[in-house]
Amino acid sequence: WLMHATQRFLAGGKYYYDFFETNPPLILYIYTPAVLAAHLFHISFMLALRTYMTIITIGSLLVTNYLLQQGIIRSERLRYILLLTLVFTYILMSTSALSERDQLATMLIIPYIFLVTARLRALSVTPLEAIFIGLLSAIGFALKPFFFIPLMLVESYVWYRKKNMLACLRIETFTI
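Keep in mind it's a predicted model, so treat the numbers as computed, not measured.

Asker: It is not clear to me how the environment of Pro-145 should be interpreted in this structure. Could you clarify?
Answerer: Structurally, Pro-145 is set in the loop between helix H6 (127-141) and helix H7 (148-162). Residue Pro-145 is classed as exposed on the basis of its relative accessible area of 61%. In this structure the C-alpha to C-alpha distance between Pro-145 and Met-165, which are 20 residues apart in sequence, comes to 24 Å.

Asker: Which parts of the structure should I look at to understand the packing of helix H5 (residues 101-120) against H6?
Answerer: Pairs of packed helices are described in terms of their axes, by the angle between the two and the distance that separates them. Where H5 contacts H6, the axes come no closer than 8 Å and their chain directions differ by 135°. It follows from the interaxial angle that H5 and H6 lie oblique. With respect to the hand of their crossing, H5 and H6 are arranged in left-handed fashion. Listed contacts from H6 to Ala-105, Leu-108, Ile-109, Pro-111, Tyr-112, Leu-115 and Arg-119 of H5 are Ala-130, Ile-133, Leu-136, Ser-137, Ile-139, Gly-140 and Phe-141. Partitioned by chemical class, the residues of the contact of H5 with H6 number eleven nonpolar, two polar and one charged.

Asker: When you look at unusual backbone geometry in this model, what are you seeing that I'm missing?
Answerer: Leaving glycine out, the prevailing phi sign among residues is negative, and the prevailing peptide bond configuration is trans. Positive phi, close to 55°, is recorded for His-42, a residue that is not glycine. The residue His-42 is located in the loop between helix H2 (26-41) and helix H3 (45-72) in this model. For His-42, a relative accessible area of 72% gives the class exposed.

Basis of the calculations
Residues numbered from 1 in each chain as written. Predicted model: local features only at pLDDT ≥ 70, side-chain atom pairs only at ≥ 80, totals over all residues. Heavy atoms only, no water. Helix = DSSP H or I, 4+ residues; strand = E, 2+ residues; numbered from the N terminus. Buried < 20%, exposed > 50% of the residue type's maximum accessible area, 1.4 Å probe, protein only. Axes fitted to C-alpha atoms, helices over the stretch in contact; angles between N-to-C directions. Parallel < 35°, antiparallel > 145°, perpendicular 65-115°, else oblique. Left-handed = near helix turned anticlockwise from the far one by under 90°. Contact = heavy atoms within 4.5 Å. Nonpolar A, V, L, I, M, F, W, Y, C, P; charged D, E, K, R; others polar.

Set out below in structure tokens:
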């Protein structure tokens, strides 16, 4: 349905008359690349959506792996186990909820969780990395209104651990 609603949206359709979605418009913008790819390459919506979700999955795993290599987890074996767990989780989510908001939010927010872990461990993160991960997580948190609750919980934990309210004022937080 979201692919069809996005297609109608891109064709100039009006919300409520041509399509109705409970949490627009962000999800329609997120689906835009998949709809455009389906039209550009003359492939089915399902193939375009699966390819798009695979790209997002791989991107999330690459960013997460990069953060883990920065020293969050020192054991290489434990890092691989964690990455395999994420792969399994993403694949398992794909079988029951392909491209649902929850799956997208999970894949976009997980790198942020590891970025916060890196910050709490005083590991070096460049401003560009923080902005990029902040943008990804902002999209994930904005998919549904109640997805901001995990953001508030994570930032509360940072404040609790650092015992300083200014610890929540980081580049990625401003980006979000």
